[in-house]
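Chains, contacts and geometry: an overview
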Amino acid sequence: MFKLPEGRYCGYLRKSRADIEAESRGEGDTYKRHEKILFDLATRYNINLSKIYREKPISGERITERPEVISLLEDVENERWTGVLVVEVERLARGDTMDQGIVAQAFKFSETLIVTPMRIYNPLNRDDEEYFEFGLFMSRREFKTINRRQQDGRLGGVDEGRYVANIAPYGYTRVKLPGKGFTLEKHPAQAPIVELVFRLYTDPDPTKRMGTALIAAYLNEKQIPSAKGKKWIVATINSMLRNIHYIGYVKWGQRALKKKRDSKSRPRKSLADFFHKKGLHPAIIGEDTFYKAQEILYGSPQRSAPSKKLSNPLAGIIRCGMCGGAMQRKPYRGRNNQTPPSLICSTQYCKNVGSYFDIVEKKIILGLKQWLAEYKSRWLETRPEDLEKDNIKLRVNQDTLRRLGTKLSELTEQKKEVYTLLEKKVYTHEMFFERMNDITREMTEINNVIEKVKEEITLEENQATAVKETIPKIEHVLQSYFLEEDPEVQNAMIRSILSKVIYTKEKGGRWSGLENQFEIEIHPRKY
Ligand SMILES: [Zn+2]
């Protein structure tokens, strides 16, 4: 059976004119019947419904006459739901093709599933053409016309300087305009961060400028949350630096481009590709600063692809302790190649000081030898005790697993009871959802613990055998590493035992006598 992805699901109910007529002939409550269909569907796919949108019986057939479908579409556009359950797809849109276009568009852009007892409409499935057309009313041509008409509508908003997207860019909040539409207002906490990012990136003194990776690291270090409350990444900083809303412009076009999936290699779009116009909202960044940032962004060439032949045996392993970027091996330089290869951070303006490559390489192998010696002695000397301890831990973990399994089946039973109580009308819908959500939350928590315990058990079970096989393997790598001349082979060897090395050097020049004053942090693979 097809499995629905985990996530948040809701249902939508609407009576058709035929339903209302049938009811007047005394054929029973349509909503009661349809609700049962949706709950059965939810049980079949093992999902919970967090909300049911229920259209008032007197509502019309067109979207504009149906307040609940409008609120549903708003939530769909804001990516609130993983999927929407309906008894048949016609309940969402019927009659007028314009309505179908609006519904199709909302579901397509937010990649929201439509689940019916007959089939699942999946916008993530590129072949599921029917999804976009709902397989019912619309020819592709009609859909395209509607699509264009809607884009024009959005562009109308842009023409008047309104903000037409659903979510405000970082640094702003979206506010309702007195008449129609929305505009942006500066976010008191976020706007200064936007200013800071641009200032760090475009400092008048080029030696003080920070690259995108360094800025991301800087903000994370200062524990400034990103828009989604997560860590900053290079891509976010990059898109921030390109966002013309910060100089008071509005645009349209990007979202549609982002979601377009038919061409794999899409040329990078420049500002000229977007429709833009002076907006109604205040700027955060001056135009001079913004265009300076564009100059730096587009002026610095994309990092060239690495040459086919690997020359750095530590490639993919050694990272910068200051910015988190990759450390590079710079080949021999100078007349007669008298300067040996060095190891430097590849991030522009990162303050991490480089070293001679071979010194670092030797120190890593030495460090690994020390680590292995400790690992071996710990394993060999305290082995019987460890085994005993591991045994107890393993038993406890297995007990926990059994206990949680029982608890989980109890909760599944409770879920069934809750359905029964709703059917018997002991529970109201509010009570039903509240209880259902409690159970789901508890099940999710238990599942998380089960995953963790299972991981621990596998680790414990594998450890004994793994260690026996691993020690000789590591010993072999350490003995033969410097005998090997092909950097690619060396890289494979070192990757087999190391997951990463962090390199930090605060100060020192080539002639300062501080060649060895760096720190390395070795992270062997977990066995
Ligand atoms: Zn760095």
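Residues numbered from 1 in each chain as written. Predicted model: local features only at pLDDT ≥ 70, side-chain atom pairs only at ≥ 80, totals over all residues. Heavy atoms only, no water.

1. Digging into the side chain of Ser-226
Mapped onto the secondary structure, Ser-226 falls in the loop between α8 (212-221) and α9 (234-242). Leave out the neighbours within four places in its chain, and Ser-226 touches Tyr-170, Lys-231 and Trp-232. (Helix = DSSP H or I, 4+ residues; strand = E, 2+ residues; numbered from the N terminus. Contact = heavy atoms within 4.5 Å.)

2. A short note on the confidence of the model for the protein
Summarising the model, the protein shows a mean pLDDT of 78, and 77% of its residues fall at 70 or more. When mean pLDDT is compared element by element in the protein, strand β3 (residues 83-85) scores highest at 95, while helix α10 (residues 254-259) scores lowest at 36. Here residues 253-275 is a poorly scored stretch, pLDDT under 50, and it has 33 contacts once near neighbours within four places are set aside; other chains count. (pLDDT = per-residue confidence, 0-100.)

3. Some remarks on the packing of aromatic side chains
On inspection of all chains with the given rule, the structure shows 12 aromatic pairs. Their ring planes at 85 degrees and their centres at 5.5 Å tell us that Phe-290 and Tyr-291 sit as a pair that is edge-to-face. For Tyr-291, a relative accessible area of 40% puts it in the partly exposed group. An angle of 35 degrees between the planes, with centres 5.5 Å apart, marks the rings of Tyr-503 and Phe-518 as tilted. In this pair, Tyr-503 sits in strand β14 (residues 498-504) while Phe-518 sits in the loop between β14 and β15 (519-524), placing the two residues 15 residues apart along the sequence. Take Phe-518: its relative accessible area is 5%, and that puts it in the buried class. An aromatic cluster of at least three residues, connected via ring pairs, comprises Tyr-172, Phe-198, Tyr-246, Phe-290 and Tyr-291. Just above the ring of Tyr-31 sits the side chain of Lys-15; from NZ or CZ to the centre is 4.6 Å. (Phe/Tyr/Trp six-rings, centres within 6.5 Å; stacked < 30°, edge-to-face > 60°. Buried < 20%, exposed > 50% of the residue type's maximum accessible area, 1.4 Å probe, protein only. Lys NZ or Arg CZ within 6 Å of the ring centre and 35° of its normal.)

4. Quick word on the coordination of the zinc ion
Bound to the zinc ion on the protein side are Cys-320 (SG), Cys-323 (SG), Cys-345 (SG) and Cys-350 (SG), at distances that span 2.2 to 2.5 Å. Every donor residue of the zinc ion comes from the same chain, spaced as C-x2-C-x21-C-x4-C. Note that Cys-320 is positioned in strand β10 (residues 318-320) and Cys-345 in strand β12 (residues 342-345), a separation of 25 residues in sequence. Judged by its relative accessible area of 3%, Cys-320 falls in the buried class. Judged by relative accessible area, Cys-345 falls into the buried class, the value being 12%. (Donors = N, O, S within 2.8 Å, 3.2 Å for Na, K, Ca; no water.)

5. Some remarks on the packing of helix α7 (residues 191-201) against α8
Helices that pack against each other are described as a pair by the angle of their axes relative to one another and the distance between those axes. Look at α7 against α8: their axes get within 10 Å of each other, and the N-to-C directions meet at 140 degrees. For the element pair α7 / α8, the angle class is oblique. Both α7 and α8 take part in a crossing whose hand is right-handed. Here α7 contributes Ile-193, Leu-196, Val-197, Leu-200 and Tyr-201 to the contact with α8, which in turn contributes Thr-212, Ile-215, Tyr-218 and Leu-219. Partitioning the contact of α7 with α8 into residue classes produces eight nonpolar, one polar and no charged. (Axes fitted to C-alpha atoms, helices over the stretch in contact; angles between N-to-C directions. Parallel < 35°, antiparallel > 145°, perpendicular 65-115°, else oblique. Left-handed = near helix turned anticlockwise from the far one by under 90°. Nonpolar A, V, L, I, M, F, W, Y, C, P; charged D, E, K, R; others polar.)

6. Thoughts on the sheet that holds strand β13 (residues 355-356)
Strands pair in a sheet through their backbones, by hydrogen bonds, and they do so in one of two ways: parallel or antiparallel. Sheet architecture is open: three strands sit in the order β11-β12-β13, paired in antiparallel fashion. The sheet terminates laterally at β11 (327-330) and β13, the two strands that pair on one side only. Relative to β12, β11 runs antiparallel, the two sharing four bridges. By the bridge assignment, Lys-330 is partnered in β12 with Ser-342. (Pairing = 2+ DSSP bridges.)

7. Thoughts on the sheet that holds β3
A sheet is described by the order of its strands in space; here five strands give the open sequence β2-β1-β3-β4-β5, paired in mixed fashion. Strands at the two margins of the open sheet, each flanked by one partner only, are β2 (49-54) and β5 (120-121). In this sheet, β3 lies alongside strand β1 (residues 9-13) in parallel orientation, the contact comprising three bridges. Residue Tyr-9 lies in a different strand from β3, and its bridge partner there is Gly-83. Helix α3 (residues 67-77) rests against β1, β2 and β3 of the sheet, and its axis sits at about 145 degrees to β2.

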